[in-house]
Amino acid sequence: MAKRVGIEVSLAISEAVKLANVDVIAAYPITPQTHIVEHLSELVADGHLDAEFIPVESEHSAMSTCCGSSASGARTYTATCSQGQALMLEICYIAPALRLPIVMTVANRSLSGPISIWNDHSDMMMSRDTGWIQTVAENGQEAFDLTLHAFRVAEDPRVLLPTIVNVDGFTLTHVIEPIEILDQKEVDRYLPPYQPQMRLDPTNPVSIGPVGMPEVYTEAKKAQDEAIKGAKQVILEAWQEFGDMFGRYYKPVETYRTDGAETLLVTMGSLSETAMIAVDQMRTDGKNVGLVRLRLFRPFPFEEFLAAVRGVKQIAVMDRALGLNGAGGPLATEVKAALYDEPERPYIWNYVAGLAGRDVTIENFVEMADGVEAAAADGVRQGYTIINVRE
Amino acid sequence: MAKETGIVSWKDLALGCSIVKPGSSAELKTGDWRSQRPVTDYEKCVQCGQCYIFCPDMVFTQNELGFYQPNMFYCKGCGICARECPADAISMVEESE
Ligand code: SF4
Ligand code: SF4
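Residues numbered from 1 in each chain as written. Chains lettered and ligands numbered in written order. Predicted model: local features only at pLDDT ≥ 70, side-chain atom pairs only at ≥ 80, totals over all residues. Heavy atoms only, no water.

Visitor: Which residues make up the site of ligand 2, and what values go with them?
Guide: Lining the immediate surroundings of ligand 2 are Thr-40, Cys-45, Val-46, Gln-47, Cys-48, Gly-49, Gln-50, Cys-51, Tyr-68, Cys-85, Pro-86 and Ile-90 of chain B. Tallied by class, residues from the shell around ligand 2 come to eight nonpolar, four polar and no charged. (Near = heavy atom within 4 Å. Nonpolar A, V, L, I, M, F, W, Y, C, P; charged D, E, K, R; others polar.)

This is the structure in structure tokens:
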């Protein structure tokens, strides 16, 4: 039977990895991911988890080790963030190209410089087109559930792609929350043992990761593109089955009080919970404001997103990263691209907020909703605002 | 499209663009890259084997008389053998000639 316990979210993620019965963990510690791998190394050292824990010398080695281990048919896990993920990025492109179902937690953190260890989504945006499936947790329970979901999806023979679970650093990883920890029997029912479709095996030799000449590279990328697009169906099925088994249902795009809304806020991650409180408050004040949260970031859930925002007058997209390209935040750019083909397009204003742990308050969300309405009335185009910046 | 060359539809590529048949590179014809071919003057050749050693494609095999002969299915015409031959026994000849 599942047990509801008060536990630090990092430790709950480690417990999910243990319940997934991984074979190999190769990781390098980096704040704020440290508690996850620290706890996993304890679980292995104390004999609670029968796995190889490989304490590598860098994140580049961590992902390289994960590729080797996954290619040999082992269920493989790692965790990182920010500068660590930047260092492993070279190999992050290779894992999905080789169709290796590695699962990774990213304890989202800003990228230097200036040097910063605090939470935002810069690292998520850095790796957005690497070919990994990416989900985003809003709270501790989701971090636990999405970790199990990640193994289930990644290893599905119809998918075979590595999967990132994004968990906000500190604001989620370091807080203690009541979390329902499933028991081993329940997890085993949801997550069957990994059956590799192809693996390094001396009795049946294959070459994984050879050169792709110009005659082959385009076809290889096309196959990868189809794989990540096709993954969505399996992601949905795996959430449906999770809900049927354990009562918690997840969707790629979650809506909150969007009925009859004229203005929508769009968010990802833990700040969505603050945004919900702001929406409640604005609804009480008679404003027609709702909230749309992305739980699935890659592949981008175009269909579900468009269905969720259809018919509204204006959208305020909150980005927790600044794309230094003159266009504001990367999420808003994608939202605009998603809406371009719609016959009726809502007005969009982009708010870059919560960079490197800067607080985003209920008042800030009210400011965003009011701001997008005012900007729409003024008809200003292509705009973004950095919230809370001192002039 | 020819499967042995790996030039296939994206649907027919092995998972992750892997190579599932060991040694299949032997089926890859690299001879059609060539614009010049090596021609050995066996009067000059001293059978030192340098051409065999330096050829990046392991094109040469020694015949029963001790001379090294290239397999033109693989020879790319790079000219390394001609450059390295200490007896100047190999000359590169235009393919069209
Ligand atoms: S030309 Fe180059 S490929 Fe051809 S036999 Fe000489 S060294 Fe080998
Ligand atoms: S390098 Fe020149 S001399 Fe030596 S074996 Fe080859 S052709 Fe003969």
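Visitor: Go over the domain arrangement of chain A, please, and point to the residues and values.
Guide: Residues and elements named next belong to chain A. Domain parsing of chain A yields domain 1 (3-246) and domain 2 (253-386). Taking only C-alpha atoms into account, the centre of domain 1 sits 28 Å from that of domain 2. Listed per partner, the contact involves 29 residues of domain 1 and 25 residues of domain 2. Interface of domain 1 and domain 2: buried area, both sides summed, is about 2200 Å²; carbon and sulfur atoms make up 57% of it. (Domains from an automatic or database assignment. Contact = heavy atoms within 4.5 Å. Buried area = accessible area lost by both parts, 1.4 Å probe.)

Visitor: Explain the environment of Pro-346 of chain A to me, using residue names and the numbers behind them.
Guide: Residues and elements named next belong to chain A. Here Pro-346 shows up in the loop between helix H11 (330-339) and strand S14 (347-352). Separated by 83 residues in the primary sequence, Pro-346 and Thr-263 have C-alpha atoms spaced 9.2 Å apart. Residue contacts for Pro-346: discarding those within four places in its chain leaves Val-312, Lys-313, Gln-314, Ile-315 and Leu-339. (Helix = DSSP H or I, 4+ residues; strand = E, 2+ residues; numbered from the N terminus.)

Visitor: Go over the pairing of strand S10 (residues 263-267) of chain A, please, and point to the residues and values.
Guide: All names here are of chain A. The buried fraction of S10 amounts to five of the five residues, a majority that puts the element mostly inside the structure. Here S10 runs beside strand S11 (residues 289-294); their pairing, made up of five bridges, is parallel. Counterpart to Thr-267 in the pairing with S11 is Arg-293. At this point the chain moves from S10, through helix H9 (residues 271-284), to the parallel S11, and the crossover so formed is right-handed. Summarising the sheet, S10 and strand S13 (residues 314-319) pair through four bridges and their orientation is parallel. Note that in S13 the partner of Val-266 across the bridge is Val-317. (Buried < 20%, exposed > 50% of the residue type's maximum accessible area, 1.4 Å probe, protein only. Pairing = 2+ DSSP bridges. Right-handed = clockwise from strand over helix to strand, strands pointing away.)

Visitor: Explain the side chain of Glu-254 of chain A residue by residue, including any values.
Guide: All names here are of chain A. By the element assignment, Glu-254 lies in strand S9 (residues 253-256). Residue Glu-254 is classed as buried on the basis of its relative accessible area of 10%. Discounting chain neighbours no more than four positions away, the residues touching Glu-254 are Tyr-249, Leu-291, Val-292, Arg-293 and Arg-295.

Visitor: Talk me through the side chain of Arg-152 of chain A; I want residue IDs and the actual numbers.
Guide: Within the secondary structure, Arg-152 of chain A is located in helix H6 (residues 140-154). When its relative accessible area of 17% is taken as the criterion, Arg-152 of chain A is described as buried.

Visitor: Pulling in residues and values, what's your account of the confidence of the model for chain B?
Guide: The predicted coordinates of low-pLDDT regions are not to be read in fine detail. Residues and elements named next belong to chain B. Counting all residues, the mean pLDDT for chain B is 91, and 93% of those residues have values of 70 or more. Mean pLDDT across the elements of chain B ranges from a minimum in strand S3 (residues 68-70), with 96, to a maximum in helix H2 (residues 80-84), with 98. Two numbers describe this predicted complex: its pTM, 0.92, and its ipTM, 0.87. (pLDDT = per-residue confidence, 0-100.)

Visitor: Go over the interface of chain B and chain A with me, naming the residues and quoting the values.
Guide: On the side of chain A, 18 residues touch chain B, which itself brings 14 residues to the contact. Across the chain B/chain A interface, buried area totals approximately 1300 Å², and carbon plus sulfur atoms make up 76% of it. Per-residue buried area on chain B facing chain A is highest for Trp-10, Leu-15 and Ile-19 of chain B; these three make up 43% of the total on that side. Here chain B is connected to chain A by zero salt bridges. Residues that form the side of chain B that touches chain A fall into these classes: 10 nonpolar, four polar and no charged. (Salt bridge = Lys/Arg side-chain N within 4 Å of Asp/Glu carboxyl O.)

Visitor: Summarise the sheet that holds S9 of chain A; cite the residues concerned and give the values.
Guide: Backbone hydrogen bonds are what pair the strands of a sheet, in a parallel or an antiparallel way. Residue and element names in this part refer to chain A. The six strands lie next to each other as S9-S11-S10-S13-S14-S15, forming an open sheet whose pairing is mixed. The two strands at the open ends of the sheet, each matched to only one other strand, are S9 and strand S15 (384-386). Averaged over all pairs of adjacent strands, the angle between their axes in this sheet comes to 20°, without regard to strand direction. Packed on one face of the sheet, helix H12 (residues 362-378) meets S10, S11, S13 and S14 and runs near 140° to S14. (Axes fitted to C-alpha atoms, helices over the stretch in contact; angles between N-to-C directions.)

Visitor: Quick one: what's the story with the nonpolar core, residue by residue and with numbers?
Guide: All names here are of chain A. Counting residues in each nonpolar core, the largest one holds 54 residues, and the members touching the most others are Val-22, Tyr-77, Ile-133 and Phe-144. The element that contributes the greatest number of residues to this core is helix H8 (residues 214-246), accounting for nine residues. Once residues lying within four places of it in the same chain are set aside, the contact partners of Ile-133 are Val-153, Val-159, Leu-161, Pro-162, Thr-163, Ile-164, Ile-228, Ala-231, Ile-235, Leu-296 and Arg-298. Of all hydrophobic cores here, the second largest spans 26 residues; its members include Met-268, Ala-338, Leu-339 and Ile-348. (Core = buried A, V, L, I, M, F, W, Y, C linked by side-chain atoms within 4.5 Å.)

Visitor: Quick rundown of H11 of chain A? Include the residues and the values.
Guide: With seven of its 10 residues buried, H11 of chain A lies for the most part within the structure. Within the span of H11 of chain A, buried status applies to Pro-330, Leu-331, Ala-332, Glu-334, Val-335, Ala-338 and Leu-339 of chain A.

Visitor: Please set out the sheet that holds strand S6 (residues 133-136) of chain A residue by residue, giving values where relevant.
Guide: Residues and elements named next belong to chain A. Strand order in this open sheet of seven strands is S3-S2-S4-S5-S7-S6-S12, and the pairing throughout is mixed. The sheet is open, and its two borders are formed by strand S3 (52-55) and strand S12 (296-298), each paired with just one other strand. Averaged over all neighbouring strand pairs, the angle between strand axes comes to 20°, with direction disregarded. The pairing of strand S4 (residues 76-80) with strand S5 (residues 103-108) spans four bridges and is classified as parallel. Bridge pairing in S5 places Thr-80 opposite Val-106.

Visitor: Outline the environment of Ala-316 of chain A, supporting the account with residue identities and numerical values.
Guide: All names here are of chain A. Relative to the elements of secondary structure, Ala-316 occurs in strand S13. For Ala-316, a relative accessible area of 1% translates into the label buried. Placed 76 residues apart in sequence, Ala-316 and Gln-240 show a C-alpha to C-alpha distance of 29 Å. In this structure Ala-316 touches Leu-264, Leu-265, Val-266, Trp-349, Tyr-351, Met-368 and Val-372, once residues within four positions along its chain are discounted.

Visitor: Describe H12 of chain A, with residues and values.
Guide: Residues and elements named next belong to chain A. Compared with an ideal rise of 1.5 Å per residue, which puts 17 residues at 24 Å, H12 spans 24 Å between its outermost C-alpha atoms and is within 8% of the ideal. Among the residues of H12, Asn-364, Phe-365, Val-366, Met-368, Ala-369, Gly-371, Val-372 and Ala-375 are the ones counted as buried. As for H12, its buried residues are in contact with S10, H9, S11, S13 and S14. Note on H12: the residue one or two positions beyond its end, Gly-379, has a positive phi of about 75°. (Expected span 1.5 Å × (residues − 1).)

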